[in-house]
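So you can see what is in the structure, the chains are spelled out below.
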Amino acid sequence: MSQVTFLGNPVQVAGTLPAVGTKAPAFTLTDGKLDEKGLGDFAGKKKILNIFPSLDTSTCAQSVRSFNEKASGHPDTVVLCISADLPFAQSRFCGAEGLDRVVTLSSFRHPEFLTDYGVLLADSALAHLAARTVIVLDEHDQVRYVQQVPEIADEPDYETALAALAS
């Protein structure tokens, strides 16, 4: 188990983050049309997994906006924004914000994703949501970069994640 903080208070995170250089674990998540999606649905593309607790927080919403903007310069990359929010809420948020360069996926039917990827918040008021984490995969689903943000209320390091796409 690892640890992050939420507003300075320690929070335990269950599971093990995928290691750089390893193949990303397979997953199934739910998209805005309630269809099941996995890594194979994005085969041949580089992937940024933007994992976060909920779009109903300002930091999470900003991470989706920021990756949507920055994704325009990377046509060979798909940004997967993953949270436990219901697919309807994710779609409504992206529609209202005009965000069309990210794909939202929900873990609501597949909570095993959280432990498989080492992002399950095990305690605190945010228990059973995801720790803010960015994982970059190459077109072969090899892990190229991992950042679990130490303070949940902070934004991820966008520039380093994007730079990992080139490696």
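Shown above is the structure to which this text applies.
Computed from a predicted model, the values in this text were never measured in an experiment.

A. Layout of the pattern of salt bridges. Within the structure shown, the criterion is met by six salt bridges. Notably, a salt bridge pairs Glu159 with Lys70, separated by 3.3 Å at the nearest N-O pair. Within this pair, whereas Glu159 is found in helix 4 (residues 158-164), its partner Lys70 is found in helix 1 (residues 58-71), the two being separated by 89 residues in sequence. Across the pair Arg144 and Asp138 runs a salt bridge, and its minimum N-O distance is 2.7 Å. With relative accessibility at 32%, the residue Arg144 sits in the partly exposed group.

B. Region of interest: the nonpolar core. Ranked by internal contacts, the top residues of the largest apolar core, which has 22 residues, are Ile48, Val64 and Val136. Per element, the largest residue contribution to this core is five residues, and it comes from helix 1. Leaving out residues up to four positions away in the same chain, Val64 has contacts with Asn50, Phe52, Leu55, Cys81, Phe93, Cys94, Leu99 and Val102. In this structure, Phe42, Leu49, Val78 and Leu114 belong to the second largest nonpolar core, which totals 21 residues.

C. Highlighting the side chain of Ser106. On the secondary structure map, Ser106 appears in strand 7 (residues 102-106). You can call Ser106 buried: its relative accessible area is 0%. Reaching out from Ser106, the side chain makes a polar contact with the backbone oxygen of Asp85 at a distance of 2.6 Å. Within the structure, the side chain of Ser106 is placed 3.1 Å from the backbone nitrogen of Phe108, a separation counted as a polar contact. The residues contacting Ser106, other than those within four sequence positions of it, are Leu29, Thr30, Ser83, Ala84, Asp85, Leu86, Pro87 and Gln90.

About the criteria used
- Residues numbered from 1 in each chain as written.
- Predicted model: local features only at pLDDT ≥ 70, side-chain atom pairs only at ≥ 80, totals over all residues.
- Heavy atoms only, no water.
- Salt bridge = Lys/Arg side-chain N within 4 Å of Asp/Glu carboxyl O.
- Helix = DSSP H or I, 4+ residues; strand = E, 2+ residues; numbered from the N terminus.
- Buried < 20%, exposed > 50% of the residue type's maximum accessible area, 1.4 Å probe, protein only.
- Core = buried A, V, L, I, M, F, W, Y, C linked by side-chain atoms within 4.5 Å.
- Contact = heavy atoms within 4.5 Å.
- Polar contact = N/O pair within 3.5 Å; in protein donor to acceptor, adjacent residues only side chain to side chain.

Purely geometric numbers; function is a separate question.
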